[in-house]
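Each chain, written out:
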Amino acid sequence: MNQNPEQIARDKIDTALTESGWIIQHKARINLLAGSGIAVREYQTDIGPADYVLFLDKKPVGIVEAKRAEEGVHLIMHEEQSEAYAAAKLKFLDNQKLPFVYESTGELTRFTDYRDPKPRSRTVFTFHRPETFREWLMQEKSQRARLLNLPALPEEGLRHCQVTAINNLEKSFRSNHPKALIQMATGSGKTFTAITFIYRLLKFAKAKRILFLVDTKNLGEQAEQEFMSYVPNDDNRKFTELYAVTRLKSSFIPADNQVYISTIQRMYAILKGTEMDEGAEEQNPNERFQPKEPLPVVYNEKVPVEFFDFIVIDECHRSIYNLWKQVFDYFDVFQVGLTATPDNRTFGYFNKNIVSDYGYEKAVIDGVLVPYNVFTIETKITKEGSKIRMGEKVDKRERLTRKKFWESVDEDIEYSGRQLDKDIVNLSTIRTIVRAIKDSLPSVFPDRTDKDGKFEVPKTLIFAKTDSHAEDIIEIVREEFAEENKFCKKITYRSTEDPKTVLSQFRNDYYPRIAVTVDMIATGTDIRPLEVLVFMRDVKSRSYYEQMKGRGTRTCSLEQLRATGTPSARFTKDHFVIIDAIGVEQSQKTDSRPLEKKPGMSLKDLLQHVAIGNTGEDILTTLANRLIRLDKQIDEKEKLHFAEHANGQTINHVVKQLLNAYDPDTVEGIRKKVEGGNPDISPNELDAKFRAQHTQIIEQAVAAFNNPELRDYIVDVRKKYNQVMDTVNIDDVTKLGWVKDQEAAAELTISNFTAWIEAHKDEITALQIFYSQPYRRRELTYSMIKDLYEKIKTEQPLLAPAHVWRAYEQLKETNGSAKNELIALVSLIRKISGIDENLIGYDKTVDKNFQAWVFKKQAGTTTKFTEEQMVWLRMIKEYVANSFHMEKDDFELDPFNKQGGLGRFYQLFKEDYEKILEELNEVLAA
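Residues numbered from 1 in each chain as written. Predicted model: local features only at pLDDT ≥ 70, side-chain atom pairs only at ≥ 80, totals over all residues. Heavy atoms only, no water.

*Asks:* In this structure, what is going on with helix 16 (residues 499–508)? I would like to understand it.
*Replies:* Count 3.6 residues to each turn of an α-helix, and residues three or four apart come out pointing the same way. Within helix 16, burial applies to Pro-499, Val-502, Leu-503 and Phe-506. Projected down its long axis, helix 16 carries its buried residues within an arc of 100 degrees, all on one side. Buried-residue contacts for helix 16 involve strand 21 (460–463), strand 22 (488–490) and strand 23 (514–517). (Buried < 20%, exposed > 50% of the residue type's maximum accessible area, 1.4 Å probe, protein only. Helix = DSSP H or I, 4+ residues; strand = E, 2+ residues; numbered from the N terminus. Arc of directions from axis to C-beta. Contact = heavy atoms within 4.5 Å.)

Next up, the structure:
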């Protein structure tokens, strides 16, 4: 009990070494046959005694330099001393320099592998196991040395941004940077990029195991599918035929796989030695409360710190802090973060080592993703709230059963728009928004009519606040659109239908046209034909909002869009639309959700925390208080159902156990019992025994909550409490249309297009013609316009004619629409070059010029066209409107060849036929 700091440090080091599989021996009592890994204290060298010499299979392999805790701040200064011991000659041995060297206080440990090309110490959670050193020494080179010799990356099948990310990441590995951040916009292929470099690490760097970490079960399942379908470009076999991939679903971790997919929640529970069910993996943990003092991860010999060589962290912007950060601090690995939406914490955590900076804007410019426009729907009640006066008869509805009954309001109820769809439900507001969406979609997507002339609703995803809110939306959508059940479905974890099946239908089939979700597909889910996102819930997290918007950013070819989304589509998906029905675009956003707050969380979140092993005092006492309140609210029958799910325990009994777990008298009693029964052991061992017994009490207190049926029952029975249905106040739309920000974006698009045209007007033939004398426009050909169109689409995908035309439409500066993109392009150039004052479809300009020409020709007495001549002239006019120019050879094409071709045209117009054709080419293009 009266140990000095050096002795305390030695005790802690002894404990850590023992946990890691080393047998501690004194130099005077050496027995190298006692085990494969022996740590000998005070072993003599030619420069003095080393604190610990590590022997593996009777051969020295490493040094541990022990320091008291206060030296933690100076630990790096002791590297020369420990290296000197590693290079020294051991008594009785003719050894080479020992490769593995530690400096440790028992609290803080640093490690250097002197086999590395440029040996550099790093902090490790604890010591490596003897069998790990055996494996390492059997290898010709250390892992960091193997990373220096990765072959050049084959670029076939990879996007430029993916090539850049992988090459920069491998450069980071060669420089021995422990952490690297890959920022790639949602939809640009982050997971494909990750699987590509994982494949290279396994094949060429001989990595043994790689952990692919996600934060929701949904993302884990999606990653698993991508590993299963991935085929490397230097092998025709699938990834899973070359390397074993497992998604962890329990606390068991097989040792013989190469890639492990896990949620961070499960890995945390594994390291703590606790079980958890898959239900605790459904929600992103960043969205839930996290305690100020998280329960610490302790050493787990089944998963030693060196078990993995690399950790790839998907969506790393949201789940690597506080409680969960311990998972990364535990493993001695390279860490690679993947995110589309990093914030300052993300940059800080990854040491500003950004190996890929490929944001949404760059991806849109490259044509990898599509841009979006925002359409606003604002109603009186969502903006201002409303009031139900005392005495009004209203519906009330049980949350769970949705059973309704009439009741008088016994006091005035005032509510804001933010309270809607939780305690107050106004179906009129939902109906008003849904009806506005239905009425607005045809103008938002003017080209979507099927063969019967019926408007075809684009694939639409609605974000709802709660499952109950989603139910209301679905019912009203089906009514307002006059459609059947399959037209609109719910995709949430609590769907009655299998959410994966509905999601697959939404992604690949015609129905459902509209899906409603709460959070299941808010992030990380690829739905290419999706063209409309409707926000009927607010989002406070900036990064989460960006992730939600990312559901619509995927490109989709015209063929794929027609096959999986909208058969009536006429163009490739080149944008998507956000319909903001809640003010989400204007609401204040923070860089991230606050991860520490008072335990005022939902009952569901409390139960989820307990399920994943987060059993701190705040959690258990808060849960106990909630259960006390619940006990007063539910009836006797419901209390019996609780006991059935809780192994026969009543709510009162469970509450007593929860409160007892951290009761000061209980804690003190455990401590005294441990001290009384173990008078001769060290403080560290006493503390370990106390913690083990206290943990046992805690585990007994929460044992019932490991049953997911009990957790579901508690949440569901609580939901019985009523919602007020406001059937008194009827809502109206107060604002409808494109947001002002998008008007600014439209102006920028037009400005950029104008600048590009002006910059190239002297080098591109088609533009030279437009900017020359009017008569030259008769030289314009279809191929010239087509070449110009392809150049714009390739070099400036954001300036595609359809996109620029929509920009003019948003500013209400168009006169009609264009039949196709080539006509739109000619129309735009005529406007920009000053030929036309207003933006008008080129085909309409041709119509106008034709009428003027015919009127002028027939105004005198010399020329009167016959009816058949007029038919031919109109055919030429239609051809020029679509192909911009007509040659004599074109009379061999439809519709002219069916009417007699060039011969018949000559018969009708005699020797004037060439003059007529030349005049029309010039006049129609005027």
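*Asks:* Would you mind showing me how to read the sheet that holds strand 3 (residues 48–56) here?
*Replies:* Two orientations exist for strands paired in a sheet by backbone hydrogen bonds: parallel and antiparallel. Read from one edge to the other, the open sheet built from seven strands follows the order 1-2-3-4-5-6-7, with strand pairing classed as mixed. Strands at the two margins of the open sheet, each flanked by one partner only, are strand 1 (23–26) and strand 7 (122–124). For this sheet, the mean inter-axis angle between neighbouring strands, taken without regard to orientation, is 30 degrees. By the bridge criterion, five bridges tie strand 5 (residues 100–104) to strand 6 (residues 109–113) in an arrangement that is antiparallel. Residue pairing for strand 6: Val-101 is matched across the bridge by Thr-112. Most of the contacts of helix 1 (residues 5–19) go to strand 3, to which it runs at about 10 degrees, and overall it touches strand 1, strand 2 (37–45), strand 3, strand 4 (59–66) and strand 5. Across the sheet, helix 3 (residues 130–138) lies against strand 2, strand 3, strand 4, strand 5 and strand 6, angled at about 75 degrees from strand 3, the strand it touches most. (Pairing = 2+ DSSP bridges. Axes fitted to C-alpha atoms, helices over the stretch in contact; angles between N-to-C directions.)

*Asks:* Quick question: what am I supposed to make of the sheet that holds strand 23 here?
*Replies:* On the basis of which strands lie adjacent, the open sheet formed by seven strands has the order 22-23-21-24-25-15-27 and mixed pairing. This sheet does not close on itself; its edge strands, each paired only once, are strand 22 and strand 27 (733–738). Across the sheet, the axes of successive neighbouring strands diverge by a mean angle of 15 degrees, strand direction being ignored. In this structure, strand 21 lies alongside strand 24 (residues 532–535), joined through four bridges in parallel fashion.

*Asks:* Before we go on, may I ask you to explain the pattern of salt bridges in this structure?
*Replies:* Pairing between side chains becomes possible if they bear opposite charge and their charged atoms approach one another. Counted under the stated rule, the structure contains 48 salt bridges. With a closest N to O distance of 3.6 Å, Lys-786 and Glu-790 form a salt bridge. Residue Lys-786 and its partner Glu-790 are located together in helix 28 (residues 782–795), separated by four residues, close to a single helical turn. Via salt bridges that share partners, Arg-431, Arg-435, Glu-479 and Glu-480 belong to a single interconnected network. (Salt bridge = Lys/Arg side-chain N within 4 Å of Asp/Glu carboxyl O.)

*Asks:* Is there a simple way to think about the packing of helix 5 (residues 160–174) against helix 6 (residues 190–203) in this case?
*Replies:* Packed helices, taken two at a time, are described by the angle between their axes plus the distance between the axes. Contact geometry of helix 5 with helix 6 gives a least axis separation of 10 Å together with a crossing angle of 40 degrees. Taken together, the axes of helix 5 and helix 6 are oblique relative to one another. Handedness of the crossing formed by helix 5 with helix 6: right-handed. On helix 6, the residues that touch Gln-162, Ala-165, Ile-166, Leu-169, Glu-170 and Phe-173 of helix 5 are Phe-192, Thr-193, Thr-196, Phe-197, Arg-200 and Leu-201. Considering only residue class, the contact of helix 5 with helix 6 consists of seven nonpolar, three polar and two charged. (Parallel < 35°, antiparallel > 145°, perpendicular 65-115°, else oblique. Left-handed = near helix turned anticlockwise from the far one by under 90°. Nonpolar A, V, L, I, M, F, W, Y, C, P; charged D, E, K, R; others polar.)

*Asks:* Sorry, what's going on with the packing of aromatic side chains here?
*Replies:* Here a ring pair, both rings aromatic, is described through the centre-centre distance and the interplanar angle of the planes. Summed over the entire model, instances satisfying the criterion amount to 46 aromatic pairs. Relative to Trp-136, the ring of Phe-100 lies with its centre 5.8 Å away and its plane at 55 degrees, an arrangement referred to as tilted. Here Phe-100 is found in strand 5, whereas its partner Trp-136 is found in helix 3, with 36 residues between them in sequence. Residue class for Phe-100 comes out buried when judged on its relative accessible area of 0%. The class for Trp-136 is buried, based on a relative accessible area of 16%. Each ring, one from Phe-905 and one from Tyr-913, has its centre 6.4 Å from the other, and the planes form 80 degrees; the classification is edge-to-face. Like Phe-905, the residue Tyr-913 is buried in the burial classification. (Phe/Tyr/Trp six-rings, centres within 6.5 Å; stacked < 30°, edge-to-face > 60°.)

*Asks:* Before we go on, may I ask you to explain helix 3 in this structure?
*Replies:* All buried positions along helix 3 are accounted for by Pro-130, Thr-132, Phe-133 and Trp-136. Down the axis of helix 3, the smallest arc covering the buried residues is 155 degrees, so these residues share one side.

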